[in-house]
Amino acid sequence: MKKITISILLLTFFISSYAQKWEINANLNSGIFHFAGEGASILSDLHNKYGSKGGLSYGIGLSLQRKNIHHLQYGLDVDIESLQSRAPFNYQDLNNVSWTGRSLLRHNFFTLSPYLDYTISIRSFSIYLKGGLGCALNLGEAIENYKSKSSDGQTASYINGHSTTAFDLRHSFQLVVFKKKLGMGFGYSTGIMDYKLGWKGGTNLVFSRYLKIGLHYRLSN
């Protein structure tokens, strides 16, 4: 019985010591997502759903960070993201009627982002500088929300699903400032996967860009 008690105490001490070496933060963020590259639409007379204009985006996630006595640390961000771009357009149909409108394209991702972190403390503030490479796994079809209006008062709208890239790889950079348990983060990620990979004809280089701001809460430290 004594051996079992000692073993339980040692196991409890080991788990407690191990957990103390990790910091867990929850975050809620929002931002602007858009596409860049030669194949992204700025304002075109052709309908291109991969827009270079920013759309409202949001996400929720956890950050697990290995605590260290040194300034350099490592960790993993785990996020669920709903990212939307915007593509305005205008064109003339076969009857010479002018149409203007916009197309919103929303992607939903499950994202894993291992990172390195440099931490400094200034008075009561903890400042984290994070950089890494994230893999965003697509959770399904991209959803296009299309609306347009003609010069003679006609309207057109639809919501369609579209096949898209299975995943995206992104360079990510983040600045997070904590005071006690509450923090605010600013991040920017640049995708390196071509969303039009395999398309034939036209200009097909399209890459993701995401600028976000978030609220962070320290669950453990």
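Our structure's up above, just so we're on the same page.
Residues numbered from 1 in each chain as written. Predicted model: local features only at pLDDT ≥ 70, side-chain atom pairs only at ≥ 80, totals over all residues. Heavy atoms only, no water.

S.K.: Just checking my understanding: could you explain the overall build of the chain for this structure?
M.R.: Tallying secondary structure elements over the chain gives one helix and 10 strands in all. Listing each helix as α and each strand as β along the chain from the N terminus yields α-β-β-β-β-β-β-β-β-β-β. Every one of the 221 residues in the chain was classed for burial, and the buried ones make up 38%. Taking the contacts inside the chain whose residues are at least 6 apart along the sequence as the reference set, 68% of them involve residues at least 24 apart. Of the accessible surface of the chain, which amounts to about 13000 Å², a share of 65% is contributed by carbon and sulfur atoms. (Helix = DSSP H or I, 4+ residues; strand = E, 2+ residues; numbered from the N terminus. Buried < 20%, exposed > 50% of the residue type's maximum accessible area, 1.4 Å probe, protein only. Contact = heavy atoms within 4.5 Å. Areas by Shrake-Rupley, 256 points an atom, 1.4 Å probe, with all protein chains shown as cover.)

S.K.: I would appreciate a short explanation of the side chain of Gln 73 in the present structure.
M.R.: Looking at the element boundaries, Gln 73 is found in strand E3 (residues 72-92). Polar contacts involving the side chain of Gln 73 include one to the side chain of Thr 119, which spans 2.7 Å. (Polar contact = N/O pair within 3.5 Å; in protein donor to acceptor, adjacent residues only side chain to side chain.)

S.K.: Would you explain the pattern of salt bridges in this entry?
M.R.: Scanning all chains against the criterion turns up four salt bridges. In this structure, Arg 170 and Glu 81 form a salt bridge, with 2.9 Å as the shortest nitrogen-oxygen distance. Pair noted here: Arg 170 is in strand E8 (residues 167-179) and Glu 81 is in strand E3, with a separation of 89 residues, a long-range link. A salt bridge links Arg 170 to Asp 168; its shortest N-O distance comes to 3.5 Å. Both residues of the pair, Arg 170 and Asp 168, belong to the buried class. Each of Glu 81, Asp 168 and Arg 170 takes part in salt bridges that share partners, so that together they form one network. (Salt bridge = Lys/Arg side-chain N within 4 Å of Asp/Glu carboxyl O.)

S.K.: Sorry, what's going on with a nonpolar patch on the surface here?
M.R.: Together, Leu 72, Tyr 74, Leu 116, Tyr 118, Leu 129, Leu 175, Met 184, Phe 186, Ile 213 and Leu 215 make up an exposed nonpolar region whose accessible area comes to about 940 Å². Within the fold, Tyr 118 resides in strand E4 (residues 98-122). What makes Tyr 118 partly exposed here is its relative accessible area of 39%. (Patch = residues over 30% accessible without salt bridge, like charges linked within 9 Å, V, L, I, M, F, W, Y side chains within 5 Å.)

S.K.: What exactly am I supposed to notice about the environment of Lys 49 here?
M.R.: With respect to the helices and strands, Lys 49 occurs in the loop between strand E1 (22-36) and strand E2 (53-66). Relative accessible area serves as the criterion here: at 15%, Lys 49 is assigned to the buried category. Sequence separation between Lys 49 and Arg 102 is 53 residues, and the spatial gap between their C-alpha atoms is 8.7 Å. In contact with Lys 49, not counting residues within four places along its chain, are Ser 85, Ala 87, Ser 103, Leu 105, Glu 144, His 162 and Trp 199.

S.K.: Any chance you could explain the packing of aromatic side chains here in plain terms?
M.R.: Describing an aromatic ring pair means giving the distance of the ring centres and the angle of the ring planes. As enumerated under the stated definition, the model contains nine aromatic pairs in all. For the pair Phe 35 and Tyr 195, a centre-to-centre distance of 4.9 Å together with 70° between the ring planes defines the contact as edge-to-face. Remark: Tyr 195 occurs in the loop between strand E9 (182-191) and strand E10 (207-220) and Phe 35 occurs in strand E1; sequence separation between them is 160 residues. By the burial criterion, Phe 35 is buried, and Tyr 195 matches it. (Phe/Tyr/Trp six-rings, centres within 6.5 Å; stacked < 30°, edge-to-face > 60°.)

S.K.: Where do I start with the pairing of strand E5 (residues 125-138) in this structure?
M.R.: Bridge analysis of E4 against E5 gives 12 bridges, and the strand direction is antiparallel. Each residue of the ladder has a partner; that of Ser 121, found in E5, is Ser 126. Sheet topology note: the E5/E8 ladder contains 13 bridges and is antiparallel. Its bridge partner lying in E8, Leu 137 is registered against Phe 167. (Pairing = 2+ DSSP bridges.)

S.K.: Which parts of the structure should I look at to understand the nonpolar core?
M.R.: Soluble globular proteins: nonpolar side chains tend toward being buried together. Formed by Phe 33, Phe 35, Ala 40, Tyr 50, Leu 83, Leu 105, Phe 109, Ala 136, Ala 142, Tyr 195, Val 206 and Tyr 210, the largest nonpolar core amounts to 12 residues. Every element with two or more residues in this core is listed here: E1 and E4. In contact with Phe 33, not counting residues within four places along its chain, are Lys 53, Gly 54, Gly 55, Ser 57, Leu 83, Gln 84, Ser 85, Tyr 195, Ser 208, Arg 209 and Tyr 210. (Core = buried A, V, L, I, M, F, W, Y, C linked by side-chain atoms within 4.5 Å.)

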